[in-house]
Amino acid sequence: MQAQKSAKRDAKKGREKLQRIVAMLTAIEAHQVDPFTLNVDEILQVVREYFPEWKKTEDLTLDAETIHHLASVIKQQSEWVKSRSNSLYTDPFLLEEKINQTGKERMLAIFLHAWRPIVELEQISIRSLIEAMRYWQTLVPLSERWKELAPGEVATGVVSRDELVKQRILGDKIFSEELEQFWQELKTAVEQKGENGKMRYWDFIGADTYERTVERAFFTSFLITYGYATLEIHPLEELMFIKAFDKPQTKARIEQVVSVPIAVTCDDWQKWKRGEME
Amino acid sequence: MSRRKGVYAAKVKRATHMLFFKRHMKPGVKGWELHKSLGADYPKVLDVLDDYLKNLDLQVKIVFEEGEKLHGEKPTVDELDKARFYATLRGDLTPKEAKMIGWRVDDLAGLAVTVSYIISKRGQASRKDVEDLLAEKIPGWKVGLNLDRYVRYGYLTEDENGLVYLDWRTRAEVDQKALIDTLLSVEKQSQLSTETKEQDGEEESADEAREELNES
């Protein structure tokens, strides 16, 4: 009886210790505390000491959680060491001081020692000139082209929202709601049909009719633009995947935003239907 | 010439065309484009080209998506496919040559200070701080123009919060490690000698400024 009580007391004490360790590790992970204030050996000793006491699932989970956080902090320590040992790491104050002290001419000489300008040529060749001439010869004059495109006169008027919905120019739901619903659909589709949190772009946008496919591609483009999802493109293999984010992302401008034109042609849709997009 | 050599010669030619002539808005070619055009052995083709370019004081430069590779670290095929390849100068330019390719001494020194300062601030700095720093040695009216020019050329990028970062051209053209190492090894002695040169240079800068004003 006495032994049972003492074991219970030990387990409680161990639990508290592990919880404190997890809290400290979490603070380190959140960059609130220097990762090197941690004594890894001591923590491992505590974990080892109490491990035989754990019988319940929640205790074993706490033990696993501690090890997981510890591994993550050790990774952080190694990254810190890597960054400091990196040849580019220098004391910013020292560097700033040097910049201020160094004269203009000397600075130029230093820069020229490290500057390797890109060779870039923009030059016309005989071949491209000939091609351009051929193009010019076959080009229909503007006056003729504009004639074809000239629109007929249309009387102006007022169209109600209902009429636009009827003509399928507008949907019957508010756009943001529709987008939100589409995002949920993407998340479910990725969960069910995807692998590693992503699925083939065409498998997501593809629908029974071509019109519906285009509509889905249209909504998908907004999902990507507004940060609900992203594309992963493998240009060499000509593969395109779509990934859904758990929360909408707003990327800082450190990363350059790029537009990806994707053609959703009827031929592609038919290929996808026949299963030839693999 | 053996058939194999002939194939390589043709591939080297094609690689030269792709690297030297601008195909997109930015110069250089993506690894996957070279892969598609030259085949899976394109790194070998580029090695041959690089060897050939040595005599011309040029080189094939690879800029990886994830930043510089550590010395001796071999890139994977995937990393190479995602990297961007450029033809760049191999050796150093003299100040006179730099002037000949369209850079004024002041502008280039300003770029050097800007790039070094941003590196010292771990990759980002406020535009205002950079402007203040440049204004110490470059006329105020020129500072903003110069920064805009660095942004336009792709050496810097700026965000809506007024922060400036190093952009693609700096990553492709500037050996950041060499720049920082050389800057840190600057001795006081050499500075003293350059200070006197600088006084001579100031006359030249004044001439340049006059020239620029006349042009505008």
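Up top is the structure these notes are about.
All residue numbers here refer to positions counted from 1 along the written sequence of the relevant chain. Chain A is the first chain written and ligand 1 is the first ligand written, with later ones labelled in order. Selection of residues for local features in this predicted model requires a pLDDT of at least 70, selection of side-chain atom pairs for listing and counting requires 80 or more, and totals for whole chains, interfaces and linings are taken over all residues.

Colleague: What is the right way to look at the pairing of strand E6 (residues 163-166) of chain B in this model?
Modeller: Working note: regular strand, side chains alternate between the two faces of the sheet. Residues and elements named next belong to chain B. Bridge count between strand E4 (residues 124-126) and E6: three bridges; the pairing is antiparallel. Paired with Ala 125 across the bridge in E6 is Val 164. At least two bridges found by DSSP between two strands is the condition for calling them paired. Starting at the N terminus, helices and strands are each numbered in turn, a helix being any DSSP run of H or I of at least four residues and a strand any DSSP run of E of at least two. As paired elements, strand E5 (residues 156-158) and E6 share three bridges and run antiparallel to each other. Of the residues in E6, the one forming a bridge with Glu 158 is Val 164.

Colleague: Which parts of the structure should I look at to understand the interface of chain A and chain B?
Modeller: As a measure of interface size, the accessible area lost when the parts come together is often cited. Contacts between the two partners involve 34 residues from chain A and, on the opposite side, 55 residues from chain B. Of all the secondary structure elements, the ones that give two or more residues to the side of chain A that touches chain B are helix H4 (92-101) and helix H5 (104-114) of chain A. Top element by residues in the side of chain A that touches chain B is H5 of chain A. It accounts for 10 residues. Charged means Asp, Glu, Lys or Arg here, nonpolar means Ala, Val, Leu, Ile, Met, Phe, Trp, Tyr, Cys or Pro, and polar covers whatever is left, Gly included. Split into classes, the residues belonging to the side of chain A that touches chain B amount to 19 nonpolar, six polar and nine charged. Once C-beta atoms have been placed from the backbone, residue pairs whose C-beta atoms lie within 7 Å are recorded as contacts.

Colleague: Honestly, unusual backbone geometry in this entry has me stumped. Any pointers?
Modeller: Residues apart from glycine generally show negative phi values, whereas peptide bonds are mostly found in trans. Backbone geometry places Asn 196 of chain A, a non-glycine residue, at a positive phi of 50 degrees. In this fold, Asn 196 of chain A is placed in the loop between helix H9 (175-193) and strand E1 (198-200). Unlike most non-glycine residues, Asp 57 of chain B shows phi in positive territory, near 60 degrees. In this fold, Asp 57 of chain B is placed in the loop between helix H3 (42-54) and strand E2 (58-63). Each residue is classified by how many other C-beta atoms fall within 10 Å of its C-beta atom, where C-beta atoms are placed from the backbone; a count of 20 or more means buried, 12 or fewer means exposed, and values in between mean partly exposed. Of the residues examined, Asp 57 of chain B has 11 C-beta atoms within 10 Å and is grouped as exposed.

Colleague: Would you explain the sheet that holds E2 of chain B in this entry?
Modeller: Hydrogen bonds along the backbone pair up the strands of a sheet, which may run parallel or antiparallel. All names here are of chain B. Ordered by their spatial adjacency, three strands build an open sheet running E1-E3-E2, and the pairing between neighbours is antiparallel. Across the chains shown, the open sheet's two edge strands, defined by having one partner strand only, are strand E1 (29-30) and E2. Alignment of E1 against strand E3 (residues 84-89), held across two bridges, turns out to be antiparallel. Each residue of the ladder has a partner; that of Val 29, found in E3, is Phe 85. Helix H1 (residues 3-20) contacts E1, E2 and E3 of the sheet and is inclined by roughly 85 degrees relative to E3. Between N-to-C directions, angles span 0 to 180 degrees; the directions come from axes that are lines fitted to C-alpha atoms, helices contributing only their stretch in contact. On the sheet, H3 packs against E2 and E3 and is oriented at approximately 140 degrees with respect to E2.

Everything listed here is a matter of geometry and, on its own, says nothing about what the molecule does.
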